[in-house]
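# Overview (structure and organization)
Chain by chain, the residues:
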Amino acid sequence: MVVLVSLSYTLIIYLDSIPLYRKKLWRDFGINMALTLLTFTIAFLISLDVAVPSPVYPIQRLIITILGK
Amino acid sequence: MNKEMITSKQGVYLLTLFMIGSNLFMGLAPAAKSDVWIAALVGTLMALPIIFIYARLLSLFKGRDIFDILNLVFGNVLGKIAALAYIWYPLHLGAMVIRDLGEFLNTVAMPETPMLLPMLFLGFLSIWAVMAGVEVLGRCSKIFFPIVVIIMFITTLLVIPYLNFAHLKPVMYDGIGPVLNSAFDIFSFPLAETVLFITVFSALKTDKSIYRVYYSGLFIFAAIGVLLTLRNILVLGGDIVGGVNFPLYVEVSRINIGEFIQRIEVSVATTFVITDFIKVSVCLYVTCIGISKLFGLKSYRSIVVQTGLLMVLLAYIMYENIMDMIYFAFEIYAYYALPFQVILPVIILVIAEIRIRTGQLHTGKRY
């Protein structure tokens, strides 16, 4: 799984990010790389079977607190 | 300015398919049981003023999306902070819809397949569509809309022998309370989600009134929604509709005509995938436009792949099980979405109207 994730991300970076670098769209490339890093981290953790915390439960608790349910 | 264009007809189809989304398959607000069809009607009435607000914003700022509008109305700093809300909301909504499909396939259709797989494929398809642009989405919806309507029509004809009108009674046994509650659920999930179309319709090329496009979509959805909900109740009864996770699928699986026409629930699953695809693509498109406007990128296409992957991964880690999903969708979501759907648009419209009338804001040509 880990190998599969790493290989797919190598392919994605090669096909999606490198062309931005070649076109010298620095801002686009920066944001693209930041998002790549974020998704790669999540995908990597999932492939290692680490329980990634969901953002939904804090939202749920906040709304329940506000509504006083 | 956005050079991609969709026609008003494509806009209506896109809007209708977006609203059908995953909602009809999960059952529109099942809490009201046999009165859901009344709740659907009341929900549509509740949505009329809010749709007017969205259309008014679009007609005031022709050819601009919600992020441009926020920038114009609130200024650079506050506008960017408010834009964060409209980046998070479609990202989360898209993830919810992807997860709906994942849970559907995992619990009903393909229990042995890992949930990530169908979600990933839907994600790839949406990434592809959004990369191709909003025009392609418009054309897709033009092709898919008749397919969805024909499948709905044929299944409606086939369930006629199973209709039992006694299931409608007693009408409003528990009073008006649960009906209004469900109507509010239907208002927020799917009707007011069309707030995202303030961004999509910035690409609308039409001489007709934008109000007409918005309201046509709403009324077509209301007709389909009420018909299908009524059908669910007449075939299954209020208690079963309230008890199962995917009532439409269960209902159609009961069709057995002459031991020959049977097991056609896969046709409903097809429409589920089609409408889910449209909804996810719209959400992904709006998120990408938002991120690209926030950071001043050259094109939103630079980040479509990563945003799409983020959406799929978010969908995967979002809930622990289907019960969490149902609880969030039907108990929490309506309140969670209220700021994005009602509060912020109302504030934007009020400030925009004041600033335009006092001459502080010039918006250019109007619809």
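To be clear, the structure that these remarks concern was listed above.
For clarity, every value in this text was computed on a predicted model and none was experimentally measured.

The secondary structure content of chain B amounts to 15 helices and four strands. With the C-alpha coordinates of chain B rotated into their principal frame, the extents come out at 65 × 45 × 40 Å. Residue burial in chain B is summarised as follows: out of 367 residues, 51% are buried. The contacts of chain B with a sequence gap of at least 6 include a subset with a gap of at least 24, amounting to 82%.

So, on to the overall build of chain A. Looking only at helices and strands, one finds three helices and zero strands in chain A. Traced from its N-terminal end to its C-terminal end, chain A shows the element sequence α-α-α. Relative to the 2.2 N^0.38 estimate, which gives 11 Å for 69 residues, the radius of gyration of chain A is 17 Å and therefore markedly larger than a compact globule would have. Each principal axis of the C-alpha distribution contributes one length, and for chain A these read about 55 × 30 × 10 Å.

Residues and elements named next belong to chain B. Position of T16 among the secondary structure elements: in helix α1 (residues 8-20). Overall, T16 belongs to the buried group, with 25 C-beta atoms counted inside 10 Å. Setting aside residues up to four positions removed in sequence, T16 forms contacts with F145, G217, I220 and F221.

Let us now look at the interface of chain A and chain B. Residue-level contacts link 22 residues of chain A with 21 residues of chain B. Taken together, the elements giving at least two residues each to the side of chain A that touches chain B come down to α1 (2-22), α2 (26-47) and α3 (56-67) of chain A. At 11 residues, α2 of chain A tops the list of elements feeding residues into the side of chain A that touches chain B. Residue classes in the side of chain A that touches chain B are distributed as 14 nonpolar, five polar and three charged.

Let us now look at the nonpolar core. Residue and element names in this part refer to chain B. Grouped together as the largest cluster of nonpolar side chains are 130 residues, with contacts concentrated most on A39, I98, V200 and Y285. A per-element tally of this core places helix α13 (residues 265-294) first, with 14 residues. Apart from residues no more than four positions distant in its own chain, A39 is found in contact with A29, A32, V179, S182, A183 and I186.

This brings us to the packing of helix α3 (residues 36-60) of chain B against helix α8 (residues 177-188) of chain B. Residues and elements named next belong to chain B. One way to put it is that α3 packs onto α8 with a least axis distance of 7 Å and a crossing angle of 55 degrees. Taken together, the axis directions place α3 and α8 in an arrangement best described as oblique. Between α3 and α8 lies a crossing of right-handed hand. For the pair α3 and α8, the contacting residues are V36, I38, A39, A40, V42, G43, M46 and A47 in the first and V179, L180, S182, A183, I186 and F187 in the second. Partitioned by chemical class, the residues of the contact of α3 with α8 number 12 nonpolar, two polar and no charged.

Turning our attention to helix α15 (residues 322-357) of chain B. If you check α15 of chain B, its first and last C-alpha atoms are 49 Å apart, about what 36 residues at 1.5 Å a residue would give, namely 52 Å. Of all bends in α15 of chain B, the biggest is about 60 degrees, found at I332 of chain B. Along α15 of chain B, the residues that are buried comprise M325, F328, A329, Y333, A334, Y336, F340, Q341, P345, I348 and A352 of chain B. Residues of α15 of chain B that are buried make contact with α3 of chain A together with α2 (23-26), α3, α4 (66-74), α5 (76-109) and α8 of chain B.

Here the focus is helix α7 (residues 134-158) of chain B. At 3.6 residues per turn, the α-helix brings residues three or four places apart onto the same side. All names here are of chain B. Helix length check: α7 (25 residues) gives 36 Å between terminal C-alpha atoms against 36 Å at 1.5 Å per residue, within 8%. Residue F144 marks the point of greatest curvature in α7, where the axis turns by about 30 degrees; the proline P146 follows within four residues. Along α7, the positions that sit buried rather than exposed are V134, L137, G138, C140, S141, F145, V148, M152 and T155.

With omega at -5 degrees, the peptide bond leading from K169 of chain B into P170 of chain B counts as cis. Counting through the fold element by element, P170 of chain B comes out in the loop between α7 and α8. Non-glycine residue K24 of chain A carries a positive phi angle of around 60 degrees. Examined against the element boundaries, K24 of chain A turns out to sit in the loop between α1 and α2. In this structure, E259 of chain B is a non-glycine residue whose phi angle is positive, near 55 degrees. Among the structural elements, E259 of chain B can be located in the loop between β3 (256-257) and β4 (261-262). By C-beta crowding, E259 of chain B is classed as exposed, having 6 other C-beta atoms within 10 Å.

Calculation notes
- Residues numbered from 1 in each chain as written.
- Chains lettered and ligands numbered in written order.
- Predicted model: local features only at pLDDT ≥ 70, side-chain atom pairs only at ≥ 80, totals over all residues.
- Helix = DSSP H or I, 4+ residues; strand = E, 2+ residues; numbered from the N terminus.
- Buried ≥ 20, exposed ≤ 12 C-beta atoms within 10 Å, placed from the backbone.
- Contact = placed C-beta atoms within 7 Å.
- Rg over C-alpha atoms; globule rule 2.2 N^0.38 Å.
- Nonpolar A, V, L, I, M, F, W, Y, C, P; charged D, E, K, R; others polar.
- Core = buried A, V, L, I, M, F, W, Y, C linked by C-beta atoms within 7 Å.
- Axes fitted to C-alpha atoms, helices over the stretch in contact; angles between N-to-C directions.
- Parallel < 35°, antiparallel > 145°, perpendicular 65-115°, else oblique.
- Left-handed = near helix turned anticlockwise from the far one by under 90°.
- Expected span 1.5 Å × (residues − 1).
- Bend = angle between axes of the 7 residues up to and from the residue.

It is worth stressing that arrangement in space is one thing and function is another; only the former is reported here.
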